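# Reading the structure
The primary structure of each chain is shown beneath.
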Amino acid sequence: MGKALFGIDSTIARDPLTNPIVTRFATDQDYFFKVFSSAFVKLSSTKVLTAKEGEMSTRHAVALAFVSRSDIVSR
């Protein structure tokens, strides 16, 4: 099976501001998992608004509905 990545993954790897972070994550698995687990805990402890409490703009709904294979770049 071929490998692929999202366009954003390729972009942040090439951007001079984010490349050092991408490089460190790629070369230091322990650091990646430490940062990832911290972010995951923060996100999972946030109360997500749903149904009538929550709101999704039309712009976001359209963006989510039309994510296509063109957003994936082959490695």
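Above this text sits the structure in question.
What you are looking at is a predicted structure, and each value in this text was computed from that prediction instead of being measured.

To continue, consider the overall build of the chain. Counting its secondary structure elements, the chain contains four helices and two strands. Its helices and strands taken in sequence order, the chain reads β-α-α-α-α-β from the N to the C terminus. Counting across all 75 residues of the chain, residues that qualify as buried make up 3%.

Our focus in this paragraph is the packing of aromatic side chains. Overall, the coordinates contain five aromatic pairs when judged by the stated rule. Geometrically, the ring pair formed by phenylalanine 25 and phenylalanine 32 is edge-to-face, given 5.3 Å between the ring centres and 85° between the ring planes. On the accessibility criterion, phenylalanine 25 (26% relative accessible area) is partly exposed. Overall, the relative accessible area of 29% leaves phenylalanine 32 in the partly exposed class.

Turning our attention to helix α3 (residues 29-44). The end-to-end C-alpha separation of α3 is 22 Å, in line with the 22 Å expected for 16 residues at 1.5 Å each. Among the 16 residues of α3, zero are classified as buried, and the element is accordingly described as predominantly exposed.

Taken as a whole and assessed by the stated rule, the structure comprises one salt bridge. Here arginine 24 ties to aspartate 28 by a salt bridge, and the two come within 3.9 Å at their closest N and O atoms. For arginine 24, a relative accessible area of 41% gives the class partly exposed. Since its relative accessible area comes to 26%, aspartate 28 is described here as partly exposed.

Turning next to the environment of serine 10. By secondary structure assignment, the location of serine 10 is in helix α1 (residues 7-14). Side-chain polar atoms of serine 10 contact the side chain of arginine 14, separated by 2.6 Å.

Another aspect to go through is the packing of helix α2 (residues 19-27) against α3. Where α2 contacts α3, the axes come no closer than 5 Å and their chain directions differ by 110°. Classified by the angle between their axes, α2 and α3 sit roughly perpendicular to one another. Across the interface between the two elements, Arg24, Phe25 and Thr27 from α2 touch Gln29, Tyr31, Phe32 and Val35 from α3. Here the contact of α2 with α3 is composed, by residue class, of four nonpolar, two polar and one charged.

This brings us to the environment of threonine 18. Tracing the backbone shows threonine 18 in the loop between α1 and α2. Of the residues examined, threonine 18 reaches a relative accessible area of 25% and is grouped as partly exposed. A polar atom in the side chain of threonine 18 sits 2.6 Å from the backbone oxygen of isoleucine 12.

Cut-offs used in this document
Residues numbered from 1 in each chain as written. Predicted model: local features only at pLDDT ≥ 70, side-chain atom pairs only at ≥ 80, totals over all residues. Heavy atoms only, no water. Helix = DSSP H or I, 4+ residues; strand = E, 2+ residues; numbered from the N terminus. Buried < 20%, exposed > 50% of the residue type's maximum accessible area, 1.4 Å probe, protein only. Phe/Tyr/Trp six-rings, centres within 6.5 Å; stacked < 30°, edge-to-face > 60°. Expected span 1.5 Å × (residues − 1). Salt bridge = Lys/Arg side-chain N within 4 Å of Asp/Glu carboxyl O. Polar contact = N/O pair within 3.5 Å; in protein donor to acceptor, adjacent residues only side chain to side chain. Axes fitted to C-alpha atoms, helices over the stretch in contact; angles between N-to-C directions. Parallel < 35°, antiparallel > 145°, perpendicular 65-115°, else oblique. Contact = heavy atoms within 4.5 Å. Nonpolar A, V, L, I, M, F, W, Y, C, P; charged D, E, K, R; others polar.

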